[in-house]
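Residues per chain, in single letters:
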Amino acid sequence: RIVLYQGVLNEGRGIEALILAMENLKDVELRLIGEGDLSEQLRQMVKDHKLDHKVKFLGYVLPDDLPKHTRAAHLGVNLLENKGLNYYYSLANKAFDYIQAGLPSLQMDFPEYRRINEQFEVFILLQSLDPNEISSQIEAIFIDPEQYKTLVENCAAAAESLHWENESKILLSLYHNHLPV
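Thresholds, definitions, all that
Residues numbered from 1 in each chain as written. Predicted model: local features only at pLDDT ≥ 70, side-chain atom pairs only at ≥ 80, totals over all residues. Heavy atoms only, no water. Helix = DSSP H or I, 4+ residues; strand = E, 2+ residues; numbered from the N terminus. Buried < 20%, exposed > 50% of the residue type's maximum accessible area, 1.4 Å probe, protein only. Contact = heavy atoms within 4.5 Å. Pairing = 2+ DSSP bridges. Right-handed = clockwise from strand over helix to strand, strands pointing away. Phe/Tyr/Trp six-rings, centres within 6.5 Å; stacked < 30°, edge-to-face > 60°. Expected span 1.5 Å × (residues − 1). Axes fitted to C-alpha atoms, helices over the stretch in contact; angles between N-to-C directions. Arc of directions from axis to C-beta.

### Things to note about the environment of Gly7
- Looking at where Gly7 falls in the secondary structure, it is placed in the loop between strand S1 (2-6) and helix H1 (15-21).
- Relative accessible area serves as the criterion here: at 27%, Gly7 is assigned to the partly exposed category.
- Separated by 52 residues in the primary sequence, Gly7 and Gly59 have C-alpha atoms spaced 9.8 Å apart.
- Those residues in contact with Gly7 that sit more than four places away from it in its chain are Ile33, Gly34, Glu35 and Lys94.

So, in structure tokens, the structure goes:
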């Protein structure tokens, strides 16, 4: 089973906790797509914890190849530290990439992810970046095939409405109704 993180490997992204969570998981591989300020430190952390067989660094991936990697995964992750309002109220593109690929994902229980989840039930929301909570939630989703199947189906349904073509109409309407002519 493949858990996928796609994005920059920078501070505040919860990657360290995700790597430590891998110590508690069996038959799960973490794939990290991207590079960043923490790339070398994270690689060293994987070596120090002897997780080379469970954590794979794929580095940069061409944009055209990214959907292939996303569709090959079983669970996406987007874990942010609450380092301020910018992260707390953020809504990352990767959350939508996962939905469009039919991929359930772990997200922080922050307002925008909670709002989407209340409508579509496509995420598993985490209360903290505790490695034990992360591994428990990953384990739980893989243990319950019916819940997993429901999340995948919900992603497909959500993908029908959560896409740029629909969102662009809202944005254009806002511009049209609020900008002077």
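### Digging into the pairing of strand S3 (residues 55-59)
- When strand S2 (residues 29-33) meets S3, the two strands line up parallel, connected through four bridges. Residue pairing for S3: Leu30 is matched across the bridge by Val55.
- The parallel pair S2 and S3, bridged by helix H2 (residues 39-48), forms a crossover whose chirality is right-handed.

### Quick notes on the packing of aromatic side chains
- Overall, the coordinates contain four aromatic pairs when judged by the stated rule.
- Ring centres 5.1 Å apart and planes at 50 degrees place the aromatic pair Tyr88 and Phe110 in the tilted group. You can see Tyr88 sitting in helix H4 (residues 85-88) and its partner Phe110 sitting in the loop between strand S5 (105-108) and helix H6 (111-120), a full 22 residues away along the chain.
- The class of Tyr88 is partly exposed, set by a relative accessible area of 22%.
- The class for Phe110 is buried, based on a relative accessible area of 6%.
- Ring geometry for Phe142 versus Tyr148: centroids 6.3 Å apart, planes at 45 degrees, classification tilted.

### Topic: helix H7 (residues 131-143)
- Taking 1.5 Å as the rise per residue, H7 with 13 residues should run 18 Å; its terminal C-alpha atoms sit 18 Å apart, in good agreement.
- For H7, every residue scored as buried is listed here: Pro131, Glu133, Ile134, Ser135, Ile138, Ile141 and Phe142.
- Structurally, H7 contributes buried residues whose contacts are with S1, H1, strand S4 (75-78), S5, strand S6 (123-126) and helix H8 (145-161).

### Here's the deal with the sheet that holds S4
- Reading across the sheet, the six strands line up as S3-S2-S1-S4-S5-S6 and stay open at both edges, with parallel pairing between neighbours. The sheet is open, and its two edges are formed by S3 and S6, each paired on a single side. The average undirected angle you get between the axes of adjacent strands in this sheet is 25 degrees.
- Of the strand pairs in this sheet, S4 and S5 are connected by three bridges, and their pairing is parallel. Looking at the pairing, Gly76 lines up with Ser105 of S5.
- Together, S1, S4, S5 and S6 form the strand contacts of helix H5 (residues 93-100), whose direction differs from that of S1 by roughly 140 degrees.
- The strands that H7 touches are S1, S4, S5 and S6; relative to S6, the one it contacts most, it runs at about 155 degrees.

### Here's the deal with H2
- Those residues of H2 that fall on the buried side of the exposure criterion are Ser39, Leu42, Met45 and Val46. The buried residues of H2 occupy an angular sector of 125 degrees when projected down its axis, which confines them to one face. Of the exposed residues in H2, the ones pointing more than 90 degrees away from its buried face are Glu40, Lys47 and Asp48.
- Where H2 is buried, its residues meet H1 and S3.
- Positioned one or two residues after H2, Lys50 has a phi angle of 55 degrees, which is positive.

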